[in-house]
Amino acid sequence: MKVVLFCGGFGMRMREGDSDVPKPMQMVGPRPLIWHVMRYYAHFGHKEFILCLGYGAHHIKDYFLNYRETESNDFVLRDREVELLGSDIADWTIHFVHTGLESPIGERLRRVRHLVDDDEMFLANYADVLTDAPLDQMVKRFSDSDAEAALLAVLPQAVFHIVESDDDDRITSIHPVTDMGVRENGGYFVLRPSVIDRIPENGDLVGDACTALAAEGKLMGYPYEGFWLPADTLKERNQLEASYRSGSRPWMLWEKQEPDLTPLESLVTQQLQS
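Residues numbered from 1 in each chain as written. Predicted model: local features only at pLDDT ≥ 70, side-chain atom pairs only at ≥ 80, totals over all residues. Heavy atoms only, no water.

The chain goes by Glucose-1-phosphate cytidylyltransferase in an unreviewed UniProt entry, where it is assigned to Actinomycetospora endophytica.

In structure tokens:
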């Protein structure tokens, strides 16, 4: 399936000084956020991407036009020629589409409709949230339903406490927002092209389309309580960086090694693949 990535916002909460680098281009390890998101989708076999560009588009274009495989792949240098021992994006297809400098998410999706209109369904993401959620299971559940849209439903990340009070404004209880039994939009979507019909000009994907679908019972939520972390703020980005450097990288599913096979199992596997 195609993957639509919304990567044209201003990202004001992540901005440092006068930098015009868009939020998806903030680094986690040697690669930007958008690369981590794309590798996640590629891990599940989805390797055609539609980048909805806007603010700071040249940073994203230049990054992929001048992509350096050696930053995250082993290689051999022989006679000053590089022989790659692995590749990240060689089999990816990436569409770069400028969807407006200040367009809301819904309008960006409207402007790439021609690229997904003939598909049964497609994936979409804000390009700034990392997870290890089982995407294949989410897609299967959605495919078997009559829903028009699905989103990853995660527990709130906020550390705020909710207070309840009586008629005299005396607080009667205090509890974390995570104990409220509510979930928030996790930013990972599975959509049918018909969803775009629900978005008015300069409209919003969630505020307009998903809200209307929810009222009709056509919006599915996929509850998930595993790893999920956005990068909306510099603090959250630093959390991801610290996690990466410590070697705890649950979102990097492509790094997980297959279990060791016995010689007999290895032979059978080779025969099946031949």
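## As for the pattern of salt bridges
Inspection of every chain in the model, using the stated rule, returns 21 salt bridges. A salt bridge links D119 to K2; the nearest nitrogen and oxygen atoms lie 3.5 Å apart. Of the two residues, D119 is situated in the loop between α3 (105-110) and β8 (122-125) and K2 in strand β1 (residues 2-6); the sequence distance between them amounts to 117 residues. Here K47 and D91 are joined by a salt bridge, their closest N and O atoms 2.7 Å apart. Here K47, found in the loop between α1 (33-43) and β4 (48-53), pairs with D91, found in the loop between β6 (81-84) and β7 (93-98); they are 44 residues apart in sequence, far enough to count as distant. A residue is classified by how much of its surface remains accessible, and D91, at 45% relative accessible area, is partly exposed. Through salt bridges with shared partners, one network takes in R31, R39, E71 and D88. (Salt bridge = Lys/Arg side-chain N within 4 Å of Asp/Glu carboxyl O. Helix = DSSP H or I, 4+ residues; strand = E, 2+ residues; numbered from the N terminus. Buried < 20%, exposed > 50% of the residue type's maximum accessible area, 1.4 Å probe, protein only.)

## With respect to the nonpolar core
The biggest cluster of nonpolar side chains holds 51 residues, and the ones touching the most others in it are L5, I34, Y41, L51, F64 and L152. At eight residues, α1 tops the list of elements feeding residues into this core. Sequence-distant contacts of I34, defined by excluding residues within four places in its chain, comprise L5, C7, P24, M25, L51, F64 and A127. Counting residues in each nonpolar core, the second largest holds 23 residues, with F6, C52, V195 and A209 among its members. (Core = buried A, V, L, I, M, F, W, Y, C linked by side-chain atoms within 4.5 Å. Contact = heavy atoms within 4.5 Å.)

## Observations concerning the packing of aromatic side chains
By the definition in use, this model includes 13 aromatic pairs. Residues F49 and W92 carry aromatic rings whose centres are separated by 5.1 Å and whose planes lie at 55° to one another, so their mutual orientation is tilted. Residue F49 is located in strand β4, and its partner W92 is located in the loop between β6 and β7; the two are separated by 43 residues in the primary sequence. This pair shows no difference in class: F49 is buried, exactly as W92 is. (Phe/Tyr/Trp six-rings, centres within 6.5 Å; stacked < 30°, edge-to-face > 60°.)

## What to know about the pairing of strand β13 (residues 184-191)
Of all eight residues in β13, six are buried; the element is thus mostly enclosed. Relative to β13, strand β10 (residues 149-154) runs antiparallel, the two being bridged by five bridges. Considered in β13, the bridge of V154 is made with E184. (Pairing = 2+ DSSP bridges.)

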